Amino acid sequence: MDLLTAKTIVLGCSAVGAGLAMIAGLGPGIGEGYAAGKAVESVARQPEARGSIISTMILGQAVAESTGIYSLVIALILLYANPFLNKLG
């Protein structure tokens, strides 16, 4: 197999891997939307606890968003700083 074909295969597989990594962005989006909805329900039931509810919600959403950010970093590495191309020679 010549080098051009090998690079094409690596780039194609890296693009597919980057797309699959971005599927991980669905989980945090759904989870954060659900948490925000429940926080609104809680504030509607207990308006006096608004500050505590919102700060807890924001902390939880920040933790949930980290998985989406990790998947974005992996996708960007595969697309732009591909470590597998250096292994071809």
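Our subject is the structure listed above.
Keep in mind that this is a model prediction, so the values were computed, not measured.

Caption draft 1: Focus on the pattern of salt bridges. In the structure shown here, the tally under the stated rule is two salt bridges. Its salt-bridge partner being glutamate 41, residue lysine 38 comes within 3.6 Å of it at the nearest N-O pair. Taken together, the positions of lysine 38 and glutamate 41, both in helix H2 (residues 26-45) and three residues apart, correspond to about one turn of that helix. The partly exposed category is assigned to lysine 38, whose relative accessible area is 38%. Exposure remark for glutamate 41: the relative accessible area of 37% places this residue in the partly exposed category. Between arginine 45 and glutamate 41 there is a salt bridge, with the nearest N and O atoms lying 3.8 Å from each other. You can see arginine 45 and its partner glutamate 41 sitting in helix H2, four residues apart, about one turn around the helix. Exposure remark for arginine 45: the relative accessible area of 62% places this residue in the exposed category. The structure contains a network of salt bridges with shared partners spanning Lys38, Glu41 and Arg45.

Caption draft 2: Just the environment of glutamate 32, in detail. Here glutamate 32 shows up in helix H2. Residue class for glutamate 32 comes out buried when judged on its relative accessible area of 18%. Sequence spacing of glutamate 32 and isoleucine 58 is 26 residues, and the spatial spacing of their C-alpha atoms is 9.2 Å. What glutamate 32 contacts, discounting residues up to four positions off in sequence, is Gln61, Ala64 and Glu65.

Caption draft 3: Representation of helix H1 (residues 3-22) in the model. Look at H1: 29 Å from first C-alpha to last across 20 residues, which is about the 28 Å you get at 1.5 Å a residue. Taken together, the buried positions of H1 are occupied by Ala6, Val10, Ser14, Ala18 and Ala21. Each buried residue of H1 lies within a common arc of 105° when the element is viewed along its axis, so the set occupies one face. Away from the buried face of H1 by more than 90 degrees, exposed residues Leu4, Thr8, Cys13, Val16 and Leu20 are located. Close packing links the buried residues of H1 with helix H3 (50-80).

Caption draft 4: Geometry of the packing of H2 against H3. Axis separation between H2 and H3 bottoms out at 9 Å; the angle between their running directions is 175°. By the angle between their axes, H2 is roughly antiparallel relative to H3. When H2 is examined against H3, the residues Pro28, Glu32, Ala35, Ala36, Ala39, Ser42 and Val43 are found in contact with a partner set consisting of Arg50, Ile53, Met57, Gln61, Ala64, Glu65, Thr67 and Gly68. In the contact of H2 with H3, the residues fall into eight nonpolar, four polar and three charged.

Procedures and definitions
- Residues numbered from 1 in each chain as written.
- Predicted model: local features only at pLDDT ≥ 70, side-chain atom pairs only at ≥ 80, totals over all residues.
- Heavy atoms only, no water.
- Salt bridge = Lys/Arg side-chain N within 4 Å of Asp/Glu carboxyl O.
- Helix = DSSP H or I, 4+ residues; strand = E, 2+ residues; numbered from the N terminus.
- Buried < 20%, exposed > 50% of the residue type's maximum accessible area, 1.4 Å probe, protein only.
- Contact = heavy atoms within 4.5 Å.
- Expected span 1.5 Å × (residues − 1).
- Arc of directions from axis to C-beta.
- Axes fitted to C-alpha atoms, helices over the stretch in contact; angles between N-to-C directions.
- Parallel < 35°, antiparallel > 145°, perpendicular 65-115°, else oblique.
- Nonpolar A, V, L, I, M, F, W, Y, C, P; charged D, E, K, R; others polar.

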